[in-house]
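The lines below spell out each chain.
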Amino acid sequence: MSNLPFQRKKNEQENQGRAGSMTKNRQRKTAASEKMPRIALVGNPNVGKSVIFGWMTGQYVTVSNFPGTTVEVTQGNSSLGGQRRVIVDTPGINNLIPMSEDERVTRDILLEDEDLQVIQVCDAKNLRRGLMITLQLAEMEKPVVLVLNMADEAKERGIAIDHRRLEQSLGIPVLSTIASRRKGLDGVEKVLGEGDSPQIRPFYGAEMEEGIEAIEYLLPAEQKGKRALALMLLAGDESLRDWLHCRLPDPVIQRIEEVSRRLQSRHQEPLGFLINRKRLDTVDQIVEGVFFQERRDKGRTAQAISGLTTHPVAGFPILILVLYAIYKWVGEFGAGLGVDFLFNVVFGKAINPAFTRMANYLFPWLILRDFFVGPYGVLTMGLTYAIAIVLPIVGTFFFAFGLLEDSGYLPRLAVMANRFFRAMGLNGKAILPMILGLGCDTMATLTTRILETKKERILVTLLLALGVPCSAQIGVMVGMFAALSMKAILVWGLVVLGSMIAVGYLASKLIPGERADFLMEIPPLRIPTLGNILVKTLARLEWFLKEAVPLFLLGTFFLFILDRLGLIKVLQNIAEPMVVGFLGLPAKATEALLLGFLRRDYGAAGFFIMAKAGELDSVQIVVSLATITLFVPCLANFFMIVKERGVGQALAMAGFIFPFAFLVGGGLNYFLHFVGVSL
Ligand SMILES: Nc1nc2c(ncn2[C@@H]2O[C@H](COP(=O)(O)OP(=O)(O)OP(=O)(O)O)[C@@H](O)[C@H]2O)c(=O)[nH]1
Ligand SMILES: [Mg+2]
């Protein structure tokens, strides 16, 4: 999932859009990349495409043991084999008839670029599933090289594949690799640019073949891979509608629809189902002669651990253990030792005093001094908050999250959480973005593209914005938990979860549409590679420094201006009935809440400082944490919602979330005081 904004940005720069906008994509390609041969890495989700892309281009894109890590296309240049080529990393697919937006991206690239060569990456353990794609690539007449990756795991499970025979049946090069250990990749280099279209063409029965032929005849004469298109159309691929309208006049489209209708009227089952069944039969015939599983007993320990992690009873102590380890690492090491050292020693004793002296010496004007080193100074407040408080906390959390991503624990957590998420009207795949939101809500909002129904996409986007705290915020909150009792943390957790369930439940009743079935691929547990985790953590930190820190500085500047204009007091007075009267917080908390509008973690950092200074009692800490957790995460997330869902929906969500957050915070304050709970 798995992906974070740094990747989004890169993608936007390098690949610039595409989902459904094939023409735009074409226009935006640079003249240079237009001439270079293009190779796309295509395959099922979580099979190692991005690892191979990284090796081919030297460019890092997020790699995680999590299906749906890549949701946008990334392009990079490669000069492997002495020739310059453009390599394209694509989102994983299970079928060329797209079920979700990310799958459509991949299908559109294949359709759009007629000269595209394909390296199909397949999980060697799951040859059958991979060959379903090979077969459709064959129908598209794409030149393919088949890479059977994860040879190590296949071997562990006693799987042997007869490569020679597979090559013969497909008529294309077949290679075996362990991409994560860079094994066998030189073989890929040797066959770059080679590869014909695979020679497998299932026979779909006389009637169906007649229909295919009739549609092929109606498609534009110069079109390549007409058979694949005809089959997509017969299978009822709605996503092709725009494509057809750009290329064919309406009467021809109507004739195509007529062929399809006539054929369907002669069959009871949907044509798409019949087509798929024939394909599966063909794949089974190929697999029979080349795929052998000798013994199944290896890898038992891993399977046993995997079973425990999703067990309805045993899964919970494991989850608590994992959370406790994160708490120790982030809360005590990052937020405790790390922050103390950076805040008290590095910034408190060295950097800030030195800068203050320098500013006093350099600037005769008080306003300039205050701008840099005053109570709302960009250095003494903005940079100090960002680097001394948030950075050590998010750094340690990013590392921990990377470990969770690469070990394969996150999809298991999704399984565990399934029952609970059902209450929110969500299940299956919808949980994946929610869990990725713990890394970064902005990126998780982008990942809602893997969801099949619009209803789920809206629901998950709303819940992410409402209640899923991102890594930066979790970090800061974990730091504040240290000052709280277990009871207080529980109250906070229950309030946030309760709000999400209530909102999710109501929204799922109000938003029309279907809920998809629970269907989730669980990748095997793997020992994470330290290299990938370090690279990923650094890339995320780089993103934090580039995208979050400027917002921190902007927020500080904003407070500085308000302070100079004497407006902070005015705002505090205006907000007093709300902040002091309703939420029961000190008037100064208005500042933290203002910062919270920019970034939730910055707001939380404001509360962190107040709590550290003893300005908040435990009830106030819990109320402030609950309120700020329920805010929209940050401006970036808001803009991502605009991008994905449109201005209307984004404004509606924000318009609901902010008052709701205050309402819950105030309600909690009244409840805790009314019941007289001591926390
Ligand atoms: N054991 C093993 N793990 C591998 C191998 N290749 C990749 N991996 C791991 O498999 C996981 C998925 O790799 P990615 O490159 O993110 O897969 P992807 O195909 O890009 O996945 P999506 O973007 O989700 O479609 C990561 O945890 C990799 O470290 C391999 O040959 N052996
Ligand atoms: Mg990927």
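The structure contained in this document is the topic of the report that follows.

Calculation rules
- Residues numbered from 1 in each chain as written.
- Chains lettered and ligands numbered in written order.
- Predicted model: local features only at pLDDT ≥ 70, side-chain atom pairs only at ≥ 80, totals over all residues.
- Heavy atoms only, no water.
- Helix = DSSP H or I, 4+ residues; strand = E, 2+ residues; numbered from the N terminus.
- Rg over C-alpha atoms; globule rule 2.2 N^0.38 Å.
- Buried < 20%, exposed > 50% of the residue type's maximum accessible area, 1.4 Å probe, protein only.
- Areas by Shrake-Rupley, 256 points an atom, 1.4 Å probe, with all protein chains shown as cover.
- Lys, Arg positive; Asp, Glu negative; His and termini not counted.
- Charge placed at Lys NZ, Arg CZ, Asp CG, Glu CD.
- Expected span 1.5 Å × (residues − 1).
- Contact = heavy atoms within 4.5 Å.
- Disulfide = S-S within 2.5 Å.
- Polar contact = N/O pair within 3.5 Å; in protein donor to acceptor, adjacent residues only side chain to side chain.

**Examining the overall build of the protein chain**
Line of reasoning, step 1. For the protein chain, the count of helices and strands is 31 helices and 8 strands.
Line of reasoning, step 2. What you see for the protein chain is a C-alpha radius of gyration of 28 Å, in line with the 26 Å of a compact globule of 679 residues.
Line of reasoning, step 3. Projected onto the principal axes, the alpha-carbon positions of the protein chain cover approximately 80 × 55 × 50 Å.
Line of reasoning, step 4. Out of the 679 residues belonging to the protein chain, those deemed buried represent 57%.
Line of reasoning, step 5. Accessible surface, the protein chain as shown: approximately 28,600 Å² in total, 62% of it carbon and sulfur.
Line of reasoning, step 6. Each charge sign in the protein chain was given a centre, from 71 positive and 63 negative side chains, and these centres are 4 Å apart.

**Structural notes on helix α14 (residues 271–290)**
Line of reasoning, step 1. The terminal C-alpha atoms of α14, which comprises 20 residues, lie 29 Å apart, in line with the 28 Å expected from a rise of 1.5 Å per residue.
Line of reasoning, step 2. Of the positions making up α14, those classed as buried are Leu 271, Leu 274, Ile 275, Arg 279, Thr 282, Val 283, Ile 286, Val 287, Gly 289 and Val 290.

**As for the environment of Ala 423**
Line of reasoning, step 1. Note on placement: Ala 423 falls in the loop between α19 (409–422) and α20 (431–436).
Line of reasoning, step 2. Expressed as a C-alpha distance, the spacing of Ala 423 and Gly 504, which sit 81 residues apart in the sequence, is 7.7 Å.
Line of reasoning, step 3. Setting aside anything within four residues of it in sequence, one finds Ala 423 in contact with Ile 501 and Tyr 505.

**Focus: the state of the cysteines**
Simply put, disulfide is the name for a covalent bond between the sulfur atoms of two cysteines.
Line of reasoning, step 1. Under the criterion given, the structure shown has 0 disulfides.
Line of reasoning, step 2. Distance from the sulfur of Cys 634, which forms no disulfide, to the nearest cysteine sulfur (Cys 470) is 6.6 Å.
Line of reasoning, step 3. Classification of Cys 634 by relative accessible area gives buried; the value is 7%.

**Here's the deal with the side chain of Glu 72**
Line of reasoning, step 1. Considering the arrangement of structural elements, one finds Glu 72 in the loop between α4 (49–57) and β2 (74–78).
Line of reasoning, step 2. Glu 72 sits in the buried class, given a relative accessible area of 3%.
Line of reasoning, step 3. A distance of 3.4 Å separates a polar atom in the side chain of Glu 72 from a polar atom in the side chain of Arg 449.

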